[in-house]
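# Analysis of the macromolecular model
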Amino acid sequence: MCEFTYAIVGTGALGGFYGAKLQQSGLNVHFLLKSDCEHVRQHGLVIKSVDGDFTLPRVKAYSDVQKIPACDVVVISLKTTQNHLLPQILPFAVKDTGIVLVLQNGFGIEAEVAQIVGSDKVIGGICFLTANKIAPGYIRHLSYKNIILCEYTQNYHPGGITERLRQIGKDFENAGIPVELDEDLLLARWKKLVWNIPYNGLSVILNATTAELMASPDSSKLVEELMYEVATGAKALGRTIPDTFIQKMLHNTAKMTPYLTSMKIDYDERRPMEVEAIFGNPLRMVQAAGTNLPKIDCLYQQLKFLDAMRTAR
Ligand SMILES: NC(=O)c1ccc[n+]([C@@H]2O[C@H](COP(=O)([O-])OP(=O)(O)OC[C@H]3O[C@@H](n4cnc5c(N)ncnc54)[C@H](OP(=O)(O)O)[C@@H]3O)[C@@H](O)[C@H]2O)c1
Ligand SMILES: CC(C)(CO)[C@@H](O)C(=O)[O-]
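The chain is annotated in an unreviewed UniProt entry as 2-dehydropantoate 2-reductase of Tolypothrix bouteillei VB521301. Turning to the chain, the UniProt annotation filed under Sequence similarities (unreviewed entry) states: "Belongs to the ketopantoate reductase family." Here the chain is described in UniProt, under the heading Function (unreviewed entry), as follows: "Catalyzes the NADPH-dependent reduction of ketopantoate into pantoic acid."

So, in structure tokens, the structure goes:
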């Protein structure tokens, strides 16, 4: 089987980390950047990682997508707030026989990408990573790194384990990233929302770290109630999230090093927050199935208000 070539669309914390690991393992990786392009072209990428630091002094860095050779796998690692750019990017970056791998948080992005490239070209990846970009081309990897990979199919029907899924999985595994292949993208995405909905949302509204949210009986109760409401949403779409999964998330997060969510960092730095991908899209899908999620909806309205205030002030 031929070696896949990779394009990283958005070389920030997540794209920079995974892209650098793939290149370090010997693969041919092309990096699309915006403000950091010139710096990275000159100095490469620096990864400061709990697993060991490394530098890639030479990387193929581009600011113009039309200059990237079409690749076998195009990894979307922009913030979802920039996804309106994808129709201008993806048709150039992906080969006719290629695949688009969505590594962003949230729900419903694969369906949007399928509108651009076709539903047979889309794979979803759920990332358990804590990393930040702390300077141009400088990424700090704090903990976790594993990915769940799933085929996307129209209407999120379980997609099976395909050969191409296995090959991408192997590429990441060879790069030192633990990968799980799963058949059910919809369930995997909703399980990730069990974490992102309460912690991302409440960290902004209550101005708190994960540790602070878990230390107070009031906020930890709210976290738990929101998690159960996510499970209700998944159930409305025909998927079951077991209680044991929720209890494990609560337990693991309580033990986690105090963590400022990416939504909180975006809010504090006055950047747009990923409100639609993490809250709006899942809420709309569940509402279309006839179910309301009042606590999540309340959080969504508050976050939308704060997001709008960022540009109004
Ligand atoms: N970081 C994590 O640990 C983590 C974990 C799980 C999931 N995620 C998800 O992964 C996604 C990416 O998050 P992130 O933390 O990696 O964000 P990030 O550090 O902000 O990276 C996004 C990158 O995209 C670049 N970009 C924006 N517009 C661009 C354009 N037109 N062309 C090329 N590059 C462009 C940005 O460059 P500029 O800085 O120049 O704007 C930035 O470096 C999000 O959906 C997030 O929720 C992240
Ligand atoms: C949940 C998380 C903190 C760690 O897996 C991270 O993946 C994230 O911010 O979504």
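Once you've had a look at it, read on.
## Here's the deal with the pairing of strand β2 (residues 29–32)
Here β2 shows two buried faces, one formed by Val29 and Phe31 and the other by His30 and Leu32. In the sheet, strand β1 (residues 6–9) pairs with β2 via 4 bridges, with the strands oriented parallel. What sits directly across from Val9, in β2, is Leu32. At this point the chain moves from β1, through helix α1 (residues 13–24), to the parallel β2, and the crossover so formed is right-handed. Summarising the sheet, β2 and strand β5 (residues 60–62) pair through 3 bridges and their orientation is parallel.

## Remarks on the sheet that holds strand β8 (residues 122–127)
Paired through backbone hydrogen bonds, the strands of a sheet run either parallel or antiparallel to each other. With mixed pairing, the 8 strands of this open sheet are ordered in space as β5-β2-β1-β6-β7-β8-β11-β12. Either end of the sheet is taken by a strand with one partner, and the two such strands are β5 and β12 (179–182). Ignoring which end each strand starts from, the neighbouring axes of this sheet average 25° apart. Bridge count for β8 against strand β11 (residues 147–151) is 5 bridges, and the pairing is antiparallel. Opposite Ile126, over in β11, you have Ile148 as the bridge partner. Across the sheet, helix α6 (residues 185–205) lies against β7 (94–102), β8, β11 and β12, angled at about 30° from β8, the strand it touches most.

## A few points about the site of ligand 2
Taken together, Asn105, Cys127, Phe128, Leu129, Thr130, Lys192, Trp195, Asn196 and Tyr259 form the complete shell of residues around ligand 2. One of the side-chain nitrogen or oxygen atoms of Asn105 is found 3.1 Å away from an oxygen atom of ligand 2. Here an oxygen atom of ligand 2 and a backbone polar atom of Leu129 are 3.3 Å apart. When ligand 2 sits alone it has 280 Å² of accessible area, and the protein chains cover 92% of it. The dominant element in the shell around ligand 2, judged by the number of residues it contributes, is α6, at 3 residues. Residue composition of the shell around ligand 2, grouped by class: 5 nonpolar, 3 polar and 1 charged.

Criteria and cut-off values
Residues numbered from 1 in each chain as written. Chains lettered and ligands numbered in written order. Predicted model: local features only at pLDDT ≥ 70, side-chain atom pairs only at ≥ 80, totals over all residues. Heavy atoms only, no water. UniProt positions renumbered as here; feature names shortened; annotations may be inferred. Buried < 20%, exposed > 50% of the residue type's maximum accessible area, 1.4 Å probe, protein only. Helix = DSSP H or I, 4+ residues; strand = E, 2+ residues; numbered from the N terminus. Pairing = 2+ DSSP bridges. Right-handed = clockwise from strand over helix to strand, strands pointing away. Axes fitted to C-alpha atoms, helices over the stretch in contact; angles between N-to-C directions. Contact = heavy atoms within 4.5 Å. Near = heavy atom within 4 Å. Polar contact = N/O pair within 3.5 Å; in protein donor to acceptor, adjacent residues only side chain to side chain. Areas by Shrake-Rupley, 256 points an atom, 1.4 Å probe, with all protein chains shown as cover. Nonpolar A, V, L, I, M, F, W, Y, C, P; charged D, E, K, R; others polar.

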